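Residue-level structure breakdown
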Amino acid sequence: MIVTVGGTKGGTGKSTVATNLAVIRSLEGHDVLLVDADDQQSSVDFTIQRNRQFPEGAGYTSVKLTGPAVRTETLRLKEKYEDILIDVGGRDTTSQRAALAVSDCLVVPFVPRSFDMWTIEQIAEIVGEMKVANPYLKAFTFVNKADARGQDNEDAAEMLRENEVFTFTNIFIGYRKAFGNAAGSGLAVTEVKPQDPKATEEMMILYRYLFDTNLK
Amino acid sequence: MPISPRPKEKSATAVDVDALIARGGSVASETDARETAAGPKGKDPTPVVLRIPADLLERIEGARAARPVRIPRHTWLLEAVAEKLERDGV
């Protein structure tokens, strides 16, 4: 399955989600390719860090692709890997559109803040356009960096439910330091010691939703 | 021929994917790639982002410090590239 972690807003946790999903998928024994299609290169940096942690290798293959090559190269590589995760930058770029042209599913994290929520129309429009090229593209949203308490999470969820282009997954991943700490060491949040059980559980819920529910 | 065949609508498979993709904005590295492919503009140097492992950088800094006359890191790297090209006969 080809999964793009996307959106048009920066700072929503796309690279954290993409790298965590890539690691977890590879640890479950699948042959995974992680495509970094973001010019910030966070996924590439994560993989460099991970390779330092694990001299035997990160457990997955990582490549950096840009622009229309994200589509053409992914098409070329898709027979060689069981799963491909594509991390794109938080803008409407040729890279993101190329990723959507070739993906089975797009998953968009939304931070429960106004500036973030206001971008849903823009990414929905892009998805609508790219579905002309890729009618089988499925699009999902979840709340990321959710607050520990308060009404904002549910308000954001309500807005996501109302959007007709996306399916809201009902998944909430909390704003937890464990994600940043793990990423800095080249680890998935499921690997870091001491464990943050909540962070692990929430990431696994997203993972299972994407990979165990036969979305393709 | 007075009667022409009925025009066919563009099929879904004939969608111009490249045009849809091109509606997105460019990314910084795309510009770099284009410049590299076409060669540097005129004789202006082309900026290249270099990612050096910490241990290698430490060795470079050591080599710079050992020279009687300190040179900028940039110059040291250019010298190293020039030496390799010369050695390889490029």
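As the structure is a computational prediction, the values presented were derived from the model and not from experiment.

Moving on to the interface of chain A and chain B. If you look at the interface, chain A gives 22 residues, while chain B gives 17 residues. For the pair chain A and chain B, the interface holds two salt bridges. Residues Glu129(A) and Arg23(B) are paired through a salt bridge, measuring 3.5 Å at the closest nitrogen-oxygen approach. The interface formed by chain A and chain B includes five residue pairs in polar contact (both at pLDDT 80 or more). Of all the secondary-structure elements, those providing two or more residues to the side of chain A that touches chain B are helix 2 (42-53), helix 4 (94-102) and helix 6 (120-133) of chain A. Tallying contributions element by element places helix 4 of chain A first for the side of chain A that touches chain B, with five residues. Of the residues assigned to the side of chain A that touches chain B, the class counts are seven nonpolar, six polar and nine charged.

This next bit is on the sheet that holds strand 2 (residues 32-37) of chain A. Residue and element names in this part refer to chain A. Read from one edge of the open sheet, seven strands run 3-2-4-1-5-6-7, paired in parallel fashion. Unpaired on one side and paired on the other, strand 3 (61-64) and strand 7 (167-174) mark the two borders of the sheet. Neighbour-to-neighbour, the strand axes of the sheet open up by a mean angle of 20°, direction not taken into account. In the sheet, strand 2 pairs with strand 4 (residues 83-88) via six bridges, with the strands oriented parallel. In the sheet register, leucine 34 faces strand 4, and the bridge partner there is leucine 85. This element, helix 6, spans strand 5 (105-110) and strand 6 (138-146) of the sheet and lies at about 175° to strand 5. Helix 9 (residues 197-211) rests against strand 1 (2-5), strand 4, strand 5, strand 6 and strand 7 of the sheet, and its axis sits at about 155° to strand 7.

All names here are of chain A. For glutamine 53, the position within the fold is in helix 2. Given the relative accessible area of 40%, glutamine 53 is considered partly exposed. Sequence separation between glutamine 53 and leucine 187 is 134 residues; the distance between their C-alpha atoms is 8.4 Å.

Bringing the packing of helix 1 (residues 14-27) of chain A against helix 2 of chain A into the picture now. Relative placement of two packed helices is described by the angle separating their axes and the distance separating the axes. Residue and element names in this part refer to chain A. Relative orientation of the contacting elements helix 1 and helix 2 amounts to 45°, with a least axis distance of 9 Å. By the angle between their directions, the pair helix 1 and helix 2 is classed as oblique. Seen from above, helix 1 lies across helix 2 with right-handed handedness. Between helix 1, through Ser15, Thr19 and Val23, and helix 2, the contact on the second element is made entirely by Ser42, Ser43, Phe46 and Arg50.

Here the focus is unusual backbone geometry. Residue and element names in this part refer to chain A. Residue lysine 193 is joined to proline 194 through a cis peptide bond whose omega torsion reads -5°. Mapped onto the elements of the fold, proline 194 is located in the loop between helix 8 (177-184) and helix 9. Residue glutamine 41 is not a glycine yet carries a positive backbone phi of 60°. Here glutamine 41 lies in the loop between strand 2 and helix 2. For glutamine 41, a relative accessible area of 15% translates into the label buried. For asparagine 170, which is not glycine, the phi torsion reads 65° and is therefore positive. Relative to the helices and strands, asparagine 170 is located in strand 7. Classification of asparagine 170 as partly exposed rests on a relative accessible area of 48%.

How each quantity is defined
Each chain has its residues counted from 1, following the order in which its sequence is written. Each chain gets a letter, beginning with A, and each ligand a number, beginning with 1, in the order they are written. Reporting of local features is limited, given that this is a predicted model, to residues whose pLDDT is at least 70; pairs of side-chain atoms are given and counted only at 80 or more, and all residues count toward the totals for whole chains, interfaces and linings. Based on all heavy atoms of the structure, the side-chain values leave hydrogens and waters out of the count. By the convention used here, residues are in contact when the closest approach between their heavy atoms is within 4.5 Å. Basic side-chain nitrogens of Lys or Arg form a salt bridge, by our definition, when they fall within 4 Å of a carboxyl oxygen of Asp or Glu. Polar contacts here mean pairs of N or O atoms no more than 3.5 Å apart (in protein, one a potential hydrogen donor and the other a potential acceptor; neighbouring residues in sequence count only if both atoms are side-chain atoms). A run of H or I in DSSP counts as a helix once it spans at least four residues, and a run of E counts as a strand once it spans at least two, with each numbered from the N terminus. Any residue outside Ala, Val, Leu, Ile, Met, Phe, Trp, Tyr, Cys, Pro, Asp, Glu, Lys and Arg is labelled polar, Gly included; the first ten of those are nonpolar and the last four are charged. Paired strands, in this sense, are two strands between which DSSP finds at least two bridges. Interaxial angle, 0 to 180 degrees, is taken between N-to-C directions of lines fitted to C-alpha atoms, where a helix line uses only the stretch in contact. Exposure categories follow from relative accessible area, calculated using a 1.4 Å probe and restricted to protein chains: below 20% of the type maximum is buried, above 50% is exposed, and the middle band is partly exposed. Angles below 35 degrees are treated as roughly parallel, those above 145 as roughly antiparallel, those between 65 and 115 as roughly perpendicular, and all remaining angles as oblique. Two helices crossing with the near one rotated counterclockwise from the far one by less than a right angle form a left-handed crossing, whereas a clockwise rotation gives a right-handed crossing.

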